[in-house]
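Tertiary structure, described
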Amino acid sequence: MTATGSSTLGVETTTDETAWQTVRRGLALTPAALQGLWITLLLAVVATAGKVVVPIAVQTILDRGIIAPEQPDVAFVAGAAGLAALVLLITAGCNVIMNRRLFRLAETALATLRARAFRHIHDLSLLTQGTEQRGALVSRVTSDVDTVSQFMSFGGIMLVVMSLQLVLATVVMTLYSWPLAILVWVCYLPILLIMGALQKRIRARFQAVRAAVGRMLGTISESLVGAATVRAYSIEDRTRDGEQQRIRAVRNAQFSVLRPQSASFFLSETADGLATALVVVGGILLGTGTLGLDLPGANLTAGGVVAFVFLVSLFSQPVRMGIEMLSEAQNAIAGWRRVLGVLDTPADVADPAGAMDPHTGRRSDPDPDVTPLPEGALDITVDALRYRYPTGPEVLHGISVAIPARSHIAIVGETGSGKTTFAKLLTRMMDPAGGEIRIGGVPLPRVPYSSLRSRVVMVPQEGFLFDTTIAGNLRYGAPEASDEQMRTALEELGLGGWIDDLPEGIDTPVGQRGESLSAGERQLVALARAYLADPDVIVLDEATSAVDPAADVRLQQAIDGLARGRTTLTIAHRLSTAERADRILVLDHGDLVEEGTHAELAQLEGGIYAGLHRSWIAHRDDR
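Please read all numbers here as calculations on a predicted model, not as lab measurements.

1. A closer look at the overall build of the protein chain
Across its full length, the protein chain holds 21 helices and ten strands. Long-range contacts, defined here as pairs at least 24 residues apart, represent 78% of the contacts in the protein chain between residues at least 6 apart. Put simply, the protein chain shows about 29500 Å² of open surface, and 59% of that area lies on carbon and sulfur atoms.

2. Describing the packing of helix α15 (residues 483–492) against helix α17 (residues 519–533)
Direction vectors running N to C along α15 and α17 enclose 115 degrees, while the axes themselves pass 10 Å from each other. Taken together, the axis directions place α15 and α17 in an arrangement best described as roughly perpendicular. With respect to the hand of their crossing, α15 and α17 are arranged in right-handed fashion. Counting all contacts with α15, which are made through Q485, M486, A489, L490 and E492, the residues of α17 involved are A528, Y531 and L532. Partitioned by chemical class, the residues of the contact of α15 with α17 number six nonpolar, one polar and one charged.

3. Side note on α17
Over its 15 residues, α17 extends 21 Å from the first C-alpha to the last, a length consistent with the 21 Å expected when each residue adds 1.5 Å. A large share of α17 lies buried, amounting to eleven of its 15 residues.

4. Some words on the sheet that holds strand β3 (residues 408–412)
Spatially, six strands are ordered β6-β7-β8-β3-β9-β10 in an open sheet, and the strand pairing comes out mixed. Each of the sheet's edge strands pairs with one partner strand only, and the pair in question is β6 (456–459) and β10 (591–596). On average, adjacent strands in this sheet sit at an angle of 20 degrees to one another, irrespective of strand direction. Both strand β9 (residues 583–588) and β10 contribute to a ladder of five bridges, which runs antiparallel. Looking across to β10, one finds that L585 is bridged to E595. On top of the sheet, helix α12 (residues 419–426) reaches β3, β6, β7 (537–541), β8 (567–571) and β9; it is set at about 150 degrees to β8, its chief contact. Sitting on the sheet, α17 is in contact with β6 and β7, with an inclination near 180 degrees to β6.

5. Thoughts on the nonpolar core
Membership of the largest hydrophobic core comes to 33 residues, with the highest contact counts inside it found for I470, L474, W498, L527 and L562. Contributing elements (two or more residues each) for this core: β6, α14 (470–474), α15, α16 (496–501), α17, β7 and α18 (549–563). For this core, the element with the highest residue contribution is α17, accounting for eight residues. What L527 contacts, discounting residues up to four positions off in sequence, is V459, L493, L540, L555, A558, I559 and L562.

6. Some details on the pattern of salt bridges
If you walk through the whole model with that rule in mind, you get nine salt bridges. The shortest N-O distance in the salt bridge between D431 and R428 comes to 2.9 Å. Overall, the relative accessible area of 1% leaves R428 in the buried class. Between R566 and D534 there is a salt bridge whose closest N-O contact spans 2.7 Å. Here D534 lies in the loop between α17 and β7 and R566 lies in the loop between α18 and β8, a separation of 32 residues in the sequence. Using a relative accessible area of 8% as the deciding quantity, one classes R566 as buried. Residues participating in the shared-partner salt-bridge network are R487, E491 and D500.

7. Describing the side chain of R455
As for its placement among the helices and strands, R455 is situated in helix α13 (residues 449–455). Given a relative accessible area of 10%, R455 falls into the buried group. Engagement of the side chain of R455 in a polar contact is seen with the backbone oxygen of G376, the distance being 3.0 Å. The contact partners of R455, leaving out residues within four places of it in the chain, are L373, P374, E375, G376, L378, P535, D536 and V537.

8. Let's talk about the packing of helix α2 (residues 37–50) against helix α4 (residues 74–123)
For the pair α2 and α4, interaxial distance at closest approach is 8 Å and the crossing angle is 150 degrees. Viewed along their axes, α2 and α4 adopt a mutual orientation that is roughly antiparallel. By crossing handedness, the relation of α2 to α4 is classed as left-handed. Contact residues: I39, T40, L43, A44, V46, A47 and G50 in α2; V87, L88, T91, C94, N95, I97, M98, R101 and L102 in α4. Looking at the contact of α2 with α4 residue by residue, the class counts come to eleven nonpolar, four polar and one charged.

9. Some words on the sheet that holds strand β2 (residues 394–403)
Hydrogen bonds between backbone groups are what pair the strands of a sheet, and the pairing can be parallel or antiparallel. Spatial strand order, β2-β1-β4-β5: four strands in an open sheet with antiparallel pairing. Each end of this open sheet is capped by a strand with a single partner; those strands are β2 and β5 (442–443). Bridge count for strand β1 (residues 380–388) against β2 is seven bridges, and the pairing is antiparallel. Residue pairing in the sheet places R388 in a bridge with E394 of β2. Set on the sheet, α12 makes contact with β1, β2 and β4 (434–439); between it and β1 the angle comes to about 120 degrees.

10. Observations concerning the environment of E515
For E515, the position within the fold is in the loop between α16 and α17. Judged by relative accessible area, which is 55%, E515 ranks as exposed. Each C-alpha atom of the pair E515 and D467 lies 9.1 Å from the other, and the pair is 48 residues apart in sequence. Those residues in contact with E515 that sit more than four places away from it in its chain are V510 and R522.

11. Re α15
Buried within α15 we find M486, A489 and L490. Take α15 and look down its axis: the buried residues cluster within an arc of 100 degrees, on one side only. G494 sits one or two positions beyond α15 and adopts a positive phi of about 75 degrees.

12. A look at the environment of I380
Inspection of the secondary structure assignment puts I380 in strand β1. On the basis of relative accessible area, I380 is assigned to the buried category, the value being 2%. A C-alpha to C-alpha distance of 9.2 Å links I380 and V442, two positions 62 residues apart in sequence. If sequence neighbours within four positions are ignored, I380 has contacts with V401, A402, I403, L426, I437, R438, I439, V537, T567 and L569.

13. Some details on the environment of A92
Mapped onto the secondary structure, A92 falls in helix α4. Sequence separation of A92 and T48 is 44 residues, and the distance between their C-alpha atoms is 10.0 Å.

14. Comments concerning the confidence of the model for the protein chain
Overall, the predicted model of the protein chain reaches an average pLDDT of 78, with 85% of residues at or above 70. Of all secondary-structure elements in the protein chain, the lowest mean pLDDT belongs to helix α5 (residues 126–129), at 66, while β4 reaches the highest, 94. A low-confidence stretch, residues 1–5 (pLDDT under 50), is modelled with 21 contacts involving residues beyond four sequence positions or located in other chains.

Thresholds applied
Residues numbered from 1 in each chain as written. Predicted model: local features only at pLDDT ≥ 70, side-chain atom pairs only at ≥ 80, totals over all residues. Heavy atoms only, no water. Helix = DSSP H or I, 4+ residues; strand = E, 2+ residues; numbered from the N terminus. Contact = heavy atoms within 4.5 Å. Areas by Shrake-Rupley, 256 points an atom, 1.4 Å probe, with all protein chains shown as cover. Axes fitted to C-alpha atoms, helices over the stretch in contact; angles between N-to-C directions. Parallel < 35°, antiparallel > 145°, perpendicular 65-115°, else oblique. Left-handed = near helix turned anticlockwise from the far one by under 90°. Nonpolar A, V, L, I, M, F, W, Y, C, P; charged D, E, K, R; others polar. Expected span 1.5 Å × (residues − 1). Buried < 20%, exposed > 50% of the residue type's maximum accessible area, 1.4 Å probe, protein only. Pairing = 2+ DSSP bridges. Core = buried A, V, L, I, M, F, W, Y, C linked by side-chain atoms within 4.5 Å. Salt bridge = Lys/Arg side-chain N within 4 Å of Asp/Glu carboxyl O. Polar contact = N/O pair within 3.5 Å; in protein donor to acceptor, adjacent residues only side chain to side chain. Arc of directions from axis to C-beta. pLDDT = per-residue confidence, 0-100.

Take a look at the structure:
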């Protein structure tokens with residue numbers, strides 16, 4: 001498998017879809033949301049049908065209980081009102097059950113969607129993840145999913161309920177008086193024709209809102225993570241200005257949605273008032289026979305006119321609610337598209353054992369050539385390795401090298417020479433643009449992640465720690481490790497005395513990102529974590545480049561213990577590490593230019609390593 005770069009996270013793959021296509025794809029990813037849908041719809045039908053009881057009860061009570069008899073029939077009125085109240089009580093119960101079902105199903109389904117999106121993000125290469133700010137990326141599977149949740153738990157079924165109510169109100173109005181029913185539809189028809197264009201505009205602007213929210217969260221997250229740098233350089237004002245700019249962008253994006261929304265509500269309110277007025281006037285004219293129409297449904301009783309006014313309200317409610325719910329739907333669709341944009345981004349470094357399909361939640365069929373790493377010590381063969389970042393020139397130019405099992409190799413070179421890129425390719429954090437890497441004789445793309453990650457471990461220059469205790473962080477390397485095993489590992493690395501000096505030993509909390517510990521202490525925990533994982537190949541982005549001499553000694557002792565008996569590659573920032581290596585690889589502008597022992601390369605006339613070593617010695621002596 002080869003790659004020339006990485007995918008870019010975005011919504012480009014979904015913006016050409018219609019809203020309905022997005023909804024269908026989103027629901028396909030959350031099948032739990034459709035479980036027992038027929039029960040929910042049945043409850044919705046009952047809840048909607050019950051609303052008709054009010055105008056019917058009003059008309060019946062007025063015509064038969066108050067106007068028709070010489071004296072109001074109190075028993076009839078009470079009976080009709082009681083029956084109407086019972087129907088409304090049943091309707092309310094159906095509403096409660098329906099809403100509880102919707103909330104549970106929506107949250108269950110969207111929890112699955114969140115988990116799937118987070119899992120897919122972890123399947124993407126580090127380079128692809130780096131195309132978007134971390135906070136903005138997290139917003140895609142938090143706030144964006146929340147917009148979908150809000151719509152699915154209320155708005156979606158409300159659109160169904162309101163549609164049923166609209167149809168039911170139309171049918172009952174037609175039964176009462178078809179001329180007035182036509183009159184009502186004439187008032188509302190222009191809104192329905194205009195709404196399509198307005199909803200397209202609202203959908204596009206909600207897409208901008210979701211993007212603006214993502215950028216805002218990204219900026220705020222970045223400023224919090226970099227709080228120490230912000231204070232060190234006294235750039236609080238500039239940082240605050242940047243945050244305010246993002247916040248204003250969100251506000252302005254929200255305001256842009258308000259304009260077409262306001263137009264929708266204005267048209268709805270205008271149609272409501274016009275329809276009610278025309279129904280009252282028309283109903284009186286029909287009821288009094290002023291128009292002289294002798295057609296079925298052309299005449300209305302007084303109770304029928306009052307009931308029809310209630311029916312207009314029953315008709316106008318779904319129009320108003322529908323406009324609001326359609327706006328919420330556009331917000332949800334915008335959020336759905338951003339989540340789908342993540343899931344549509346291909347995992348450019350795939351697990352040959354079968355990657356998790358983000359759209360089905362099932363593993364794909366494994367590569368028939370999948371081969372776990374062989375047991376025992378592992379050698380590494382690099383053949384004509386090339387790599388190019390997406391927006392730049394080639395950074396590795398056909399590197400070939402053989403690394404024997406259990407050897408300690410130092411990789412040396414100036415900044416930008418390709419050292420870290422080489423290390424990431426060796427651990428398959430990225431795939432090369434050309435050439436091949438074989439570990440234990442197995443081409444790297446054929447090695448399943450379960451085998452690769454357990455046998456090959458990279459310790460970065462800044463060991464990341466999770467917000468738990470030292471023991472909790474160590475167990476990321478060996479989840480089943482006991483306190484005694486962790487203690488033994490620390491002793492074997494020469495860290496027993498250090499851990500004893502901590503306030504709570506291995507149960508000492510490390511804080512967020514390990515900030516309760518010093519840089520050297522964080523790296524000690526990272527090395528011990530790698531040691532507990534017991535890999536056969538260790539890749540170290542040397543940890544001693546930014547610590548004091550005392551911490552350097554302790555770290556170097558731990559590194560020596562970690563490397564013992566393992567194939568070890570160290571990106572050497574300090575040449576004292578290179579001096580102790582079995583062999584040194586010197587990279588220069590993406591080329592492997594020198595290879596040999598320290599003694600050989602230090603004496604090489606005009607050699608790059610010799611020059612670097614002389615400069616390092618001079619700098620060390622000056623201190």
